[in-house]
Amino acid sequence: MNIKPKAKKILYIAAAILPIVIIALLGKPLTKNSTTQKTTVPVINNNNTYKYAPNSDISAKDQNIKIDLSKATVNIEQKPQSVYKVTIPLVTESQIDTLISNLSFYQKDLIDGTPTGDYLWVSQNKSLFLSINQNQIIYTNNDNYQELTNTYLSNEEIKSVSVEFIQKLLGSSTLETFDLDPKIEFLYLEPNSIESEPKVVPYDKANLIAVSFNQDINGLPVIIDSPNSEIIRITINKNKKLADLRVYGGYLNTKKDNETQIPSISNLDSTKLHRTSYAKDISSEKLFSETKSITIAADDISLAYYYQNNGFLAPVIVIKGKMTTGRFTELATFIYPIEINSESL
């Protein structure tokens, strides 16, 4: 998997041509901090034996990154951490019948010619993309993007509606490994416009509500390459109708693969760092992705698991703080692999 910073794109969607076309034609991206991911199809081992093989090309080896740890709060328990093999991913073919039934798609809506393991349904102003290869679901209903109302919804009601959609579409057990205190954002997207960057606004000015759910394992959060590291993101309008569903990565079941030790925080190899956050706007992201020199003033250091599309959850050190290049500064999150004798994730 190659997601070097210079290769990050504008759209918050994985690098499959079909879903990009879907969003361009039928829907809107949910955040301005967006990216395109190139993913690798997991290799299936018919003997049911797995060996962790970390990706070797996701770090920014072409960038000179300096880390200042002098003011950082370190929240790391010094004990071995397990690497996990995802035995059942969050997205499976068994979900197809439930999804197309509840979202009102039919066999005639299935588009031919997609790669094996990828499915695309298109019907009028809505589309559904499901990829076993990328462990990803993208549903967009443009009609529900455009629908307007002044209805008031409390945060608890928003959360309840979102949970009901997830349980109905993905299964009642889906959220068992998730943090059920989701991030809620109120968004405004100009109706019938080509604007692709919804604005975060107060509730009374919003026409969309985005709810982001994060996953954890072994008591630690799961990190993926999305603006808020959300695994599931639901977007509804104020009439409680589903405008957009996105599933990126995630797991239903895992098994321990091996254990690894935590390296010394004071001796981190900056060539192994990988940025998982995105700058505040497109021009800033381009600047930080293409610059040759970045300084990180770390504020908080903790542990998490990084979900890789090679089928593993790998423990990482998470470094949050401010990144600076020249006179430009942005809040940022980087991850650092902690497995023994590995060049990178």
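Draft legend 1. Layout of the environment of Asp-244. Within the secondary structure, Asp-244 is located in strand 14 (residues 242-248). C-alpha of Asp-244 to C-alpha of Leu-128: the two residues are 116 residues apart in sequence and 9.7 Å apart in space. Here the side chain of Asp-244 touches Arg-246 through a polar contact of 2.8 Å, side chain to side chain.

Draft legend 2. Spotlight on the packing of aromatic side chains. Here the structure, examined in full by the defined rule, presents five aromatic pairs. Taking 6.0 Å as the distance between ring centres and 20° as the angle between the ring planes, the aromatic pair formed by Tyr-119 and Trp-121 counts as stacked. Its relative accessible area of 3% is what places Trp-121 among the buried residues. A connected cluster of aromatic rings, assembled from ring pairs, spans Tyr-152, Phe-186 and Tyr-203. The ring centre of Phe-105 lies 4.9 Å from the NZ or CZ of Lys-126, which sits over that ring.

Draft legend 3. Region of interest: unusual backbone geometry. One non-glycine residue, Ser-104, lies in positive phi territory at about 60°. Mapped onto the secondary structure, Ser-104 falls in the loop between helix 2 (96-102) and strand 6 (118-123). Positive phi, close to 70°, is recorded for Lys-240, a residue that is not glycine.

Draft legend 4. Up close: the pairing of strand 11 (residues 208-217). For strand 11, the buried fraction is high: eight of the 10 residues fall into the buried class. Pairing of strand 9 (residues 178-188) with strand 11 involves seven bridges; the strand directions are antiparallel. If you follow Asp-179 over to strand 11, its bridge partner there is Asn-214. Two elements, strand 11 and strand 13 (residues 232-236), share five bridges in a ladder whose sense is antiparallel.

Draft legend 5. Broad picture of the nonpolar core. Core analysis: the largest hydrophobic core is formed by 70 residues, its most contacted members being Leu-128, Ile-137, Ile-232, Leu-245, Leu-313, Ile-317 and Ile-319. Counting the residues that make up this core, at least three belong to each of domain 1 (64-82 + 257-337) and domain 2 (91-249).

Draft legend 6. Spatial organisation of the side chain of Thr-325. One can find Thr-325 in strand 18 (residues 312-325). Accessibility expressed as a relative area gives 10% for Thr-325, which makes it buried. From its side chain, Thr-325 meets the backbone oxygen of Ser-293 in a polar contact 3.1 Å long. Not counting residues within four places of it along the chain, the set of residues in contact with Thr-325 comprises Leu-287, Phe-288, Thr-291 and Ser-293.

Draft legend 7. Main features of the pairing of strand 5 (residues 81-89). Across eight bridges, strand 5 lies against strand 15 (residues 251-260) in antiparallel orientation. Considered in strand 15, the bridge of Ser-82 is made with Glu-259. As paired elements, strand 5 and strand 18 share two bridges and run antiparallel to each other. What sits directly across from Lys-85, in strand 18, is Phe-312.

Cut-off values and rules
Residues numbered from 1 in each chain as written. Predicted model: local features only at pLDDT ≥ 70, side-chain atom pairs only at ≥ 80, totals over all residues. Heavy atoms only, no water. Helix = DSSP H or I, 4+ residues; strand = E, 2+ residues; numbered from the N terminus. Polar contact = N/O pair within 3.5 Å; in protein donor to acceptor, adjacent residues only side chain to side chain. Phe/Tyr/Trp six-rings, centres within 6.5 Å; stacked < 30°, edge-to-face > 60°. Buried < 20%, exposed > 50% of the residue type's maximum accessible area, 1.4 Å probe, protein only. Lys NZ or Arg CZ within 6 Å of the ring centre and 35° of its normal. Pairing = 2+ DSSP bridges. Core = buried A, V, L, I, M, F, W, Y, C linked by side-chain atoms within 4.5 Å. Domains from an automatic or database assignment. Contact = heavy atoms within 4.5 Å.

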